[in-house]
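# Examining the three-dimensional arrangement
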Amino acid sequence: PRGFRRDALTIPQIHKLLDSIDRSTLIGKRDYAMINLMIRVGLRSIEVVRCRISDIRPVSSSSIGLWVHGKGRDEADEYVVITEDCLNPIMEYISSRPSLKQDAPLFASLSDNSYGSGISTCTVRRVVKERLQAAGLKTPRICSHSLRHSCLSIAVQNGASIFDAQRLGRHQDISTTQRYIHLNQRSQ
């Protein structure tokens, strides 16, 4: 198929999803921080899994970045700028966890069998799916990758150039990014 197999969320759906997460528990803080991050900077599930606390660091005198260990990469060699709206829930989640080393996973398992170890891509997908269902957004066309798709689609809808969208999505091939441009043009 030429198009996407998954749909992007609309802005009202994104608000509905995020507003449905109870942030009074550690698991709620983790899930909110993770989903919020995925929506705002377009991380892939594998990139979320590979994040370490030490990957959050200044990239300039006025910007904080999250260094990303991307798909097909050997190390965290690119970064995404994270705003306060993205950073604050992450810091709230981290501060709620027991004492941590800097090389600890950013998003940790909270299950009895693997408490504190890094989560898996299956866990990311399951958490997103469960949170989508709890928010009443149950459809086979929306999944964890839809959060990335939403980030890039919203950027294009708000005037991002194809090159801006390529950088945001960390796409190697511009033809991947062009799909977002074409999808946006067709929906207008």
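The following refers to the structure shown. The structure displayed is predicted, hence computed values, not measured ones. (Residues numbered from 1 in each chain as written. Predicted model: local features only at pLDDT ≥ 70, side-chain atom pairs only at ≥ 80, totals over all residues. Heavy atoms only, no water.)

This model, assessed by the stated rule, comprises seven salt bridges. Here glutamate 47 makes a salt bridge to arginine 44, at a shortest N to O gap of 2.7 Å. When its relative accessible area of 1% is taken as the criterion, glutamate 47 is described as buried. Given the relative accessible area of 16%, arginine 44 is considered buried. Between aspartate 164 and arginine 167 there is a salt bridge, and its shortest N-O distance comes to 2.6 Å. (Salt bridge = Lys/Arg side-chain N within 4 Å of Asp/Glu carboxyl O. Buried < 20%, exposed > 50% of the residue type's maximum accessible area, 1.4 Å probe, protein only.)

Spatially, the three strands line up as an open sheet ordered E1-E2-E3, and their pairing is antiparallel. Since the sheet does not close on itself, it has two edges, and those belong to strand E1 (56-58) and strand E3 (78-82), each with one partner. Across this sheet, the average inter-strand angle for adjacent strands is 40 degrees, counted without regard to direction. Pairing geometry for strand E2 (residues 64-68) and E3, over five bridges, is antiparallel. In the sheet register, glycine 65 faces E3, and the bridge partner there is valine 81. (Pairing = 2+ DSSP bridges. Helix = DSSP H or I, 4+ residues; strand = E, 2+ residues; numbered from the N terminus. Axes fitted to C-alpha atoms, helices over the stretch in contact; angles between N-to-C directions.)

Next up on the list: the environment of glycine 70. Of note, glycine 70 is situated in the loop between E2 and E3. Glycine 70 sits in the buried class, given a relative accessible area of 4%. In this view, glycine 70 contacts Glu47, Arg50 and Glu75; residues no more than four positions away in its chain are not counted. (Contact = heavy atoms within 4.5 Å.)

Applying the stated criterion across every chain, the model contains two aromatic pairs. With 4.9 Å between their ring centres and 55 degrees between their planes, tryptophan 67 and tyrosine 79 make a pair best called tilted. Pair noted here: tryptophan 67 is in strand E2 and tyrosine 79 is in strand E3, with a separation of twelve residues, a long-range link. The exposure class assigned to tyrosine 79 is partly exposed, which follows from its relative accessible area of 40%. (Phe/Tyr/Trp six-rings, centres within 6.5 Å; stacked < 30°, edge-to-face > 60°.)

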